[in-house]
Amino acid sequence: MNDIDFEIELLASDQIDVQYISNLVKAIDLENAANQQADVHKIKHLLENADNPDLRLKANLINEFLDEIIPKLEPNDNVSSELSRYLANKREESVSEFSEETKLPEAVVQKQIDNYEFYGSTNSRELTKELNEIGYGFKQQISIKQRVTNFVKETLRKFVMS
């Protein structure tokens, strides 16, 4: 009953955010199948009703993790580590797909992500150099630079659980 009261209070105060869900995921009971199922159901229910934009962006990833990874974990596995590994793999897949679409090497896309994380912006000069080497024209470069910037921002929002 206390869990229900707490959940109603939490819903009323609109505090369901990425950190709260992340903590619930990390606390999933791997020792008891019934508790594990109840924990997963609770998290999925909260994700369905989430109105936090960052949480909605991550909802599919979290649901996939709950469906694909949680059932395979052993009681002594670390859910937090598994979640981090899962997000890193999904991020790599996303970078790879984007690289194929834009014909940019994965290392270049990853370096743009790193630049944005560290400096708060992509490295336009370096990106222009790469696009020139690939053979993109001026108008195409402008479009692809914008796509890279958007991709980098969304990737950092989507694949980081904080």
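You'll find the structure just up there.
Small disclaimer: the values here were computed from a predicted structure and weren't measured.

Cut-offs applied
Residues numbered from 1 in each chain as written. Predicted model: local features only at pLDDT ≥ 70, side-chain atom pairs only at ≥ 80, totals over all residues. Heavy atoms only, no water. Helix = DSSP H or I, 4+ residues; strand = E, 2+ residues; numbered from the N terminus. Buried < 20%, exposed > 50% of the residue type's maximum accessible area, 1.4 Å probe, protein only. Lys, Arg positive; Asp, Glu negative; His and termini not counted. Salt bridge = Lys/Arg side-chain N within 4 Å of Asp/Glu carboxyl O. Contact = heavy atoms within 4.5 Å. Axes fitted to C-alpha atoms, helices over the stretch in contact; angles between N-to-C directions. Parallel < 35°, antiparallel > 145°, perpendicular 65-115°, else oblique. Left-handed = near helix turned anticlockwise from the far one by under 90°. Polar contact = N/O pair within 3.5 Å; in protein donor to acceptor, adjacent residues only side chain to side chain. Phe/Tyr/Trp six-rings, centres within 6.5 Å; stacked < 30°, edge-to-face > 60°. Patch = residues over 30% accessible without salt bridge, like charges linked within 9 Å, V, L, I, M, F, W, Y side chains within 5 Å. Areas by Shrake-Rupley, 256 points an atom, 1.4 Å probe, with all protein chains shown as cover. Charge placed at Lys NZ, Arg CZ, Asp CG, Glu CD.

(A) Structural view of the side chain of E130. Structurally, E130 can be placed in helix 7 (residues 124-134). Nearest to the buried, unbridged E130 among oppositely charged side chains is K129, at 5.6 Å. Each residue touching E130, except ones within four places of it in the same chain, is listed here: L104, P105 and V108.

(B) Examining the packing of helix 2 (residues 18-26) against helix 3 (residues 33-48) more closely. For the pair helix 2 and helix 3, the least separation of the axes is 10 Å and the interaxial angle reads 165°. Looking at the two axes, helix 2 sits roughly antiparallel to helix 3. Crossing hand, helix 2 versus helix 3: left-handed. Contacts between helix 2 and helix 3 involve Y20, I21, L24 and V25 from the first element and K42, I43, L46 and L47 from the second.

(C) Just the environment of N123, in detail. Among the secondary structure elements, N123 is positioned in the loop between helix 6 (106-119) and helix 7. Separated by 26 residues in the primary sequence, N123 and T149 place their C-alpha atoms 9.6 Å from one another. Setting aside residues up to four positions removed in sequence, N123 forms contacts with Q112 and N115. Here R125 takes part through its backbone nitrogen, which lies 3.3 Å from a polar atom of the side chain of N123.

(D) Representation of the packing of aromatic side chains within the structure. Tallied over the full model, the rule gives three aromatic pairs. Measuring from ring centre to ring centre gives 4.1 Å for F98 and F151, while their planes differ by 5°; the resulting arrangement is stacked. Residue F98 is located in helix 5 (residues 79-102), and its partner F151 is located in helix 8 (residues 138-158); the two are separated by 53 residues in the primary sequence. Here the two residues F98 and F151 agree in accessibility, since each one is buried.

(E) Here's a closer look at the pattern of salt bridges. All told, the structure shown has eight salt bridges when counted by the stated rule. The partner of D67 in a salt bridge is K44, and the shortest N-O contact between them spans 2.4 Å. Highlighted residues: D67 in helix 4 (residues 53-68) and K44 in helix 3, separated in sequence by 23 residues. One salt bridge in this structure joins E101 and R147, with 2.9 Å as the shortest N-O distance. A residue pair is termed long-range when its members are at least 10 positions apart, and E101 in helix 5 and R147 in helix 8 qualify at 46 residues.

(F) A negative patch on the surface, seen in detail. There is a patch of like negative charges on the surface, built from E92, E97, E100 and E106. The leading source of residues in the negative patch is helix 5, at three residues. Relative to the assigned elements, E106 resides in helix 6.

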